[in-house]
Amino acid sequence: MHARQQAPPAAPRPGALRWLRYALGGGLPERFAPWVLADTTEPGWIRRHMTRAVVQMLPLVVACLVVPVPLAYRLSAALGGLLIGLMFSLAFMVETTEHRVAKAGYAPGTAAALREERIERARTERRAPYREGGAGSFD
């Protein structure tokens, strides 16, 4: 019989209010540092970054929608502001995530290095489906 390997314990996730504070740019307690690193490096990190950006812009979008002007102006201001904000957020996505990781206590460049390692590993696995001296994944 083979002994089962146990996965490392999952990083604790922040609650809704802490996540909201984090999404708005606030820091998290030190115990959430592994979660911050996972949030900014694991697959789907771009989608999570864009979700945080939308949460940051929601108060301005709502403000645009309640201004007493014709509806067409309110909708165009809200949608235009949201689109411009998302483009700005995409332009500085890597820097923003690196700043989040640095605030969590990791060295600058850690998130980019982990994402690059993951990409290189996937590239290697794609190019070498039949390796000499072993089979299966690189894990």
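## Describing the overall build of the protein chain
- Looking only at helices and strands, one finds six helices and zero strands in the protein chain.
- For the protein chain, the sequential pattern of α-helices and β-strands runs α-α-α-α-α-α.
- When the 139 residues of the protein chain are sorted by exposure, 25% land in the buried category.
- Taking the intrachain contacts of the protein chain between residues at least 6 apart in sequence as the baseline, contacts between residues at least 24 apart amount to 52%.
- As displayed, the protein chain offers around 10100 Å² of accessible surface, 65% of which is attributable to carbon and sulfur atoms.

## Examining the packing of aromatic side chains
- In this structure the tally under the stated criterion is two aromatic pairs.
- On the numbers, 5.2 Å between centres and 65 degrees between planes, the contact of Tyr22 with Trp35 is edge-to-face. Of the two residues, Tyr22 sits in helix H1 (residues 16–23) while Trp35 sits in helix H2 (residues 33–41), which places them 13 residues apart along the sequence. The residues Tyr22 and Trp35 share a single accessibility class, namely buried.

## Thoughts on helix H4 (residues 71–91)
- Its 21 residues place the ends of H4 30 Å apart at the C-alpha level, agreeing with the 30 Å of an ideal helix rising 1.5 Å per residue.
- Turning to H4, its buried residues number three or more, namely Ala78, Gly85, Leu86 and Ser89. For H4, the angular spread of buried residues about the axis comes to 100 degrees, placing them on one side. What points out from H4, more than 90 degrees from its buried face, is the exposed set Ala72, Tyr73, Ile84, Met87, Phe88 and Ala91.
- Looking at the buried positions of H4, the neighbouring elements they touch are helix H3 (45–66) and helix H5 (93–103).

Calculation criteria
- Think of each chain on its own: its residues are numbered from 1, step by step along the sequence as written.
- With the structure being a predicted model, the display of local features is reserved for residues of pLDDT at least 70 and the display and counting of side-chain atom pairs for 80 or more, all residues being used for whole-chain, interface and lining totals.
- Excluding hydrogens and water, the side-chain figures rest on all heavy atoms present in the structure.
- Numbering of helices and strands runs from the N terminus, with a helix taken as a DSSP run of H or I at least four residues long and a strand as a DSSP run of E at least two residues long.
- Burial here depends on accessible area, computed with a 1.4 Å probe over protein chains only, as a share of the maximum for the residue type. Under 20% is buried, over 50% is exposed, and the range in between is partly exposed.
- Residue contacts are defined here by distance: any two heavy atoms, one from each residue, within 4.5 Å place the two residues in contact.
- Under the convention used here, a 1.4 Å probe and the Shrake-Rupley method define accessible areas, while residue burial counts only the protein chains that appear.
- Only rings of Phe, Tyr and Trp enter the pairing, Trp through its six-membered ring, and a pair is recorded when the two centres are within 6.5 Å. The plane angle decides the type: under 30 degrees is stacked, over 60 is edge-to-face, the rest tilted.
- A helix is expected to reach a length of 1.5 Å times the quantity of its residues less one.
- The reported arc concerns the directions from the helix axis to the C-beta atoms and nothing else.

Shape descriptors only; they carry no functional weight alone.
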